[in-house]
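These are the residues of each chain, in order.
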Amino acid sequence: MALTQVRPEGLGFVNGRRNLIINGAMQVAQRGTSSTSADIQTVDRWKVQRSGDVTQSQEDLSSSDTPYSYGFRKALKLLNTSNADAGNTYTQVFQVIEAQNVANSGWDYTSSSSYITAQFWVKSSLAGTYSGFLRSNEGTVKSYSFDFVLVANTWKHVTVTVPGNSGITINNDNGNGLDLFIAPYYGANFTTSSHTDNVWQTYSGSDLAGDSAQNWKNTSNATFFITGVQLEVGTNASDFEYESYGETLQKCQRYYYQTVYKGSADTTYAIGVAANSSTAAQCMAPFPVTMRAAPTFVVGGDVAVYDGDSVNTITNISANGSSTTSGTFNVDGSGLTTGRGVAIIANASSEYLSFSAEL
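Quantities reported herein were computed from a predicted structural model and do not represent experimental measurements.

## Overview of the overall build of the protein
Of regular secondary structure, the protein possesses two helices and 23 strands. When the backbone C-alpha atoms are referred to their principal axes, the protein occupies close to 70 × 70 × 45 Å. For the protein, the residues scored as buried account for 49% of the 359 residues in total. Here the protein displays about 15500 Å² of accessible surface, and carbon together with sulfur accounts for 46% of that area. Distance from the positive charge centre (20 side chains) to the negative charge centre (29 side chains) of the protein: 3 Å.

Below you can see the structure in the form of structure tokens.
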């Protein structure tokens, strides 16, 4: 007779996917590896918000970096490039987790005896106390803050275990469910000396954390690195849930998909039905995975339209009824042959189509 063994929660090997964070190892960067702009510009799923100038980049780790020995090869780096000392200065990095992923995770977020645990590797060029918080986004918005102390230029593995709370609301839908914030710096407009960590409270943008002892945003070329981010149900921080690059890429493509130039001329990005006229056609680009919602559409560079006979200039591309499974658009150009099939193509790595359904 076969015996069924029941393993206590949080002990031993865990089957299935448990990390609610996507791209926690910072492997995927569809948009590029360096940017001076805000929001998601490099490492997929990670938003960088800041006052003043901060360069964000996907960085290679070396064997001298402590996380390297745990299997991590990439990190998200923030570099301060403009000093500011006003109270409204800040720099933060965070990921928005889709609500239904949290609702179906097994975490009873309304119970104070049910827990979720966050862990990450972090390093800063400045020693001091840094902060982070979880934020729910539906109903009464709640936040749970925590802090951690860093030694200058030294990697630290941070873990924090968070209970549920009866005031939290998370819907079972594709909206914004839960955010994880990690912050190099908050100015005085965002902090209070009497701030209380490690409790759920009504979210307040003027009371995100305790006062920052170190002014990261007013220090020339200050750096901040993060990798190995995991958020899982339970009271223990288990070993990081490693994924192949391809699996992580597919998860990221639910929120953002960018076509890739394959290193040769005439890379096909979309195919179309027969041209309506010598100047107009319709094309469709199927998505590799179902996106979270019908995405917004951006053309990067001078993509062209090809009708099987010649490469023709596109004067305009406009979205036309994109869905969660494919992007469809009208193409205006010149030199097309009516009734002949068309394709949108690229001739350089700077040319692409992108589709965003980010939260």
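## Some details on the confidence of the model for the protein
Confidence in the prediction for the protein averages 93 pLDDT; 96% of positions are at 70 or higher. Throughout residues 1-15 the model reports pLDDT below 50, and contacts reaching past four residues in sequence, or to other chains, amount to four contacts.

## A short note on helix H2 (residues 245-253)
Since one α-helical turn is 3.6 residues long, residues separated by three or four positions face the same way. Taken as a whole, H2 has its buried residues at Thr248, Cys252 and Gln253. Viewed end-on, H2 has its buried residues packed into an arc of 140°, placing them on one side of the element. In this fold, the buried residues of H2 make contact with strand S15 (256-258).

## Structural notes on the pairing of strand S22 (residues 341-346)
When you tally the buried positions in S22, you get five out of six residues, the bulk of the element. As defined by bridge partners, strand S16 (residues 267-274) adjoins S22 across six bridges and the pair is classed as antiparallel. Within the sheet, the bridge partner assigned to Ala274 lies in S22 and is Gly341. The sheet contact formed by strand S19 (residues 304-306) and S22 spans three bridges and is antiparallel. Bridge pairing in S22 links Tyr306 to Ala343.

## Remarks on the side chain of Lys47
In this structure, Lys47 sits in strand S2 (residues 47-50). No salt bridge forms around the buried Lys47; measuring N to O, its nearest opposite-charge neighbour Asp39 is 5.4 Å away. In terms of polar contacts, Lys47 uses its side chain to reach the backbone carbonyl oxygen of Leu359, at 2.8 Å. Setting aside residues up to four positions removed in sequence, Lys47 forms contacts with Asp39, Ile40, Gln92, Val93, Phe94 and Leu359.

## A look at the environment of Gly164
Residue placement: Gly164 occurs in the loop between strand S9 (156-163) and strand S10 (176-186). Residue classification places Gly164 among the buried residues on the basis of a relative accessible area of 4%. For the pair Gly164 and Tyr144, spaced 20 residues apart in sequence, the C-alpha separation works out to 10.0 Å. Beyond its immediate sequence surroundings of up to four residues, Gly164 is in contact with Trp107, Asp108, Tyr109, Ser111, Ser112, Ser114 and Trp200.

## Considering the sheet that holds strand S7 (residues 128-136)
Strands sit in the order S2-S5-S10-S7-S8-S12 across an open sheet of six strands; the sheet is antiparallel. If you trace the sheet from one side to the other, it starts and ends with S2 and strand S12 (200-202), each paired once. Each neighbouring strand pair of the sheet contributes to a mean axis angle of 30°, computed without reference to strand direction. Across eight bridges, the pairing between S7 and strand S8 (residues 142-150) is antiparallel. From the neighbouring strand, Gly128 faces S8, where its bridge partner is Leu150.

## Details of the sheet that holds strand S23 (residues 352-356)
With respect to topology, three strands assemble into an open sheet ordered S15-S23-S18, the strand pairing being antiparallel. Two strands close off the open sheet at either side, each with one partner strand: S15 and strand S18 (296-300). Ignoring strand direction, the axes of neighbouring strands in this sheet form an average angle of 15°. Here five bridges tie S18 to S23, and the two strands are oriented antiparallel to one another. When the bridges of S23 are listed, Val298 appears paired with Ser354.

The rules behind these values
- Residues numbered from 1 in each chain as written.
- Predicted model: local features only at pLDDT ≥ 70, side-chain atom pairs only at ≥ 80, totals over all residues.
- Heavy atoms only, no water.
- Helix = DSSP H or I, 4+ residues; strand = E, 2+ residues; numbered from the N terminus.
- Buried < 20%, exposed > 50% of the residue type's maximum accessible area, 1.4 Å probe, protein only.
- Areas by Shrake-Rupley, 256 points an atom, 1.4 Å probe, with all protein chains shown as cover.
- Lys, Arg positive; Asp, Glu negative; His and termini not counted.
- Charge placed at Lys NZ, Arg CZ, Asp CG, Glu CD.
- pLDDT = per-residue confidence, 0-100.
- Contact = heavy atoms within 4.5 Å.
- Arc of directions from axis to C-beta.
- Pairing = 2+ DSSP bridges.
- Salt bridge = Lys/Arg side-chain N within 4 Å of Asp/Glu carboxyl O.
- Polar contact = N/O pair within 3.5 Å; in protein donor to acceptor, adjacent residues only side chain to side chain.
- Axes fitted to C-alpha atoms, helices over the stretch in contact; angles between N-to-C directions.

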